[in-house]
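The lines below spell out each chain.
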Amino acid sequence: MSREICVHSWPCCYYLEPEKRWVPGKLSLTSHSLRFMTDKTGEALVSFPLSGVIEIKKEASHFVFSSITILEKDHIKHWFSSLQPSRNVVFSIIEHFWRELLLSPSEAPLPVTKGKQLTGLMASSQKSLEETARVLHHQGEQLDSISRGLDKMESDLDVADRLLTELESPSWWPFSSKLWKMPAETKPKGGTSTASPKALGKEGVMVRIPAVISQGTASHVKAGSLTILVSGLEIHDSSSLLMHRFGREDIDDIKVHTPYEISIRQRFIGKPDIAYRLISARMPEAIPVLEVQFSKKMELLEGALTPRSARTSSPAEKGCSVWQAASGLMDCAMHREPCSGSQEGQLLPLQMSEPFVSEGDAQELRQILRKLKSLALDTEMELERQDEALDGITAAVDRTTLTIDKHTRRAKKLT
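The structure presented is a predicted model; accordingly, all values stated were derived computationally and were not measured.

Draft legend 1. Quick look at the overall build of the chain. Assigned secondary structure in the chain consists of 9 helices and 15 strands. Scored against the burial criterion, the 415 residues of the chain give a buried share of 36%. In the chain, of all internal contacts separated by at least 6 residues, the share reaching a separation of at least 24 is 53%. Working note: accessible area of the chain is about 24,500 Å², and carbon and sulfur atoms make up 56% of it.

Structural data, given as structure tokens:
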């Protein structure tokens, strides 16, 4: 358990049943287990996995008040009291991780072979690339919406040009009646263009995870969820009611305290900042998406930079190491050749008897590599399309600016 990442720890007391006394110490929670360490000796007095817990309750009796009891499968009951900052906070966080562990599919043991490790790395890279492609897709839809808005603006400017021409014409000009009918004919086009942003908003959900939410003081928490959108972040309570929505530009910083805990803040001048702290067992799924969406506003604190955390290396270094490992291990598996020249004589018997990558792992790696190649090609095509769209938007903005300046000068002459 010492190698696992500590999600949170709280000062408390543990009831030692054989000695009938309370022992002060600290209760530590990881994603899969609980541990209590005494203050006096620093030794682990109790340690058990969350998967073996069958019940977590708030209890009290004639000699115990404001306590949490945890019952294991062997009907061993643990009593924790004097919890800081409060019993409700500790109970909410422990119960959240326990429920998420029960609801999640049973996890396989850590990969033993190099093939399993490599397959896991490649699958993680594929997931990150899929999330990036999804962001690019929504970005492309937003650029298309901007292009449609500019087209509508140019159409409105053409109507303004006709109206200015009529105002500049003499009163006896016989063709003025047709010009006044043009605005009514162009009105239906506005209804079709305004409906597109609403449709984009409905499809903008990227990740939604359950979380334990606190605002302001850490002594008050509530269950809820975090939703990552293309346009920002939303925080809902357990009844799916919106607590707060952060626009993409509203967020000033996102701090990653641990792989399971983040804080989001929006600064204000002259009034208090809006800040939320979220703890979730599924936060490792959301952090890579947040890093893609808010890369310049993310800050990794010391607790997030752990040896087992995937945040220690940059995405480029991680991708490079994956491809290097893929090429090297695939060669070892297919040709049964040593990967290192310095240890050629020592590794040859081991590789001949037990290859690094099995045939099944190799087939799976080939499928993942094909998907990665397809995603990379689609991403390249989407980027080229968006570059062309940006060029078209730039040209349309220049034309619209010149037309507005010309119409402004014509309108000033009429006044």
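What follows picks up the thread again.
Draft legend 2. Structural context of the pairing of strand E6 (residues 67-72). Most of E6 sits out of view: 6 of its 6 residues are buried. Burial along E6 is two-sided: Ser67, Thr69 and Leu71 and Ile68, Ile70 and Glu72, pointing in opposite directions, are all buried. Two strands pair when backbone bridges link them, and strand E5 (residues 53-59) and E6 are joined in this way by 6 bridges, in the antiparallel orientation. Bridge pairing in E6 places Lys58 opposite Ile68. Inspection of the sheet shows E6 paired to strand E7 (residues 77-81) by 4 bridges, in the antiparallel sense. Within E7, the position partnered with Leu71 by the bridge is Lys77. Taking the residues that link successive antiparallel strands as the turn, the E6-E7 hairpin has 4 residues, and the phi of His75 there is positive, at about 60°.

Draft legend 3. Molecular detail of the sheet that holds strand E11 (residues 242-247). Taken together, the 8 strands give an open sheet; going across it, the order is E11-E10-E9-E8-E14-E13-E12-E15, and neighbouring strands pair in mixed fashion. Lying at the two open borders of the sheet, with one neighbouring strand each, are E11 and strand E15 (298-300). Strand-to-strand twist of the sheet, defined as the mean angle between neighbouring strand axes without regard to direction, takes the value 30°. On the sheet, helix H1 (residues 87-103) packs against strand E8 (205-215), strand E9 (221-229) and strand E14 (274-279) and is oriented at approximately 155° with respect to E8. In this fold helix H6 (residues 283-293) packs onto E8, E9, strand E10 (232-237), strand E12 (253-258), strand E13 (261-266), E14 and E15, with an angle of close to 110° to the strand it touches most, E8.

Draft legend 4. Seen up close, the layout of surface pockets. Looking at the second largest pocket, its volume works out to about 280 Å³. No other element matches H1, which puts 7 residues into the lining of the second largest pocket. The class makeup of the residues in the lining of the second largest pocket is 6 nonpolar, 6 polar and 4 charged.

Rules and cut-offs
- Residues numbered from 1 in each chain as written.
- Predicted model: local features only at pLDDT ≥ 70, side-chain atom pairs only at ≥ 80, totals over all residues.
- Heavy atoms only, no water.
- Helix = DSSP H or I, 4+ residues; strand = E, 2+ residues; numbered from the N terminus.
- Buried < 20%, exposed > 50% of the residue type's maximum accessible area, 1.4 Å probe, protein only.
- Contact = heavy atoms within 4.5 Å.
- Areas by Shrake-Rupley, 256 points an atom, 1.4 Å probe, with all protein chains shown as cover.
- Pairing = 2+ DSSP bridges.
- Axes fitted to C-alpha atoms, helices over the stretch in contact; angles between N-to-C directions.
- 1 Å grid on protein atoms, 1.4 Å probe; cavity = no way out; pocket = protein on both sides within 12 Å on 5 of 7 lines; lining within 4 Å.
- Points joined across faces, edges and corners; volume = space filled by probe spheres on them.
- Nonpolar A, V, L, I, M, F, W, Y, C, P; charged D, E, K, R; others polar.

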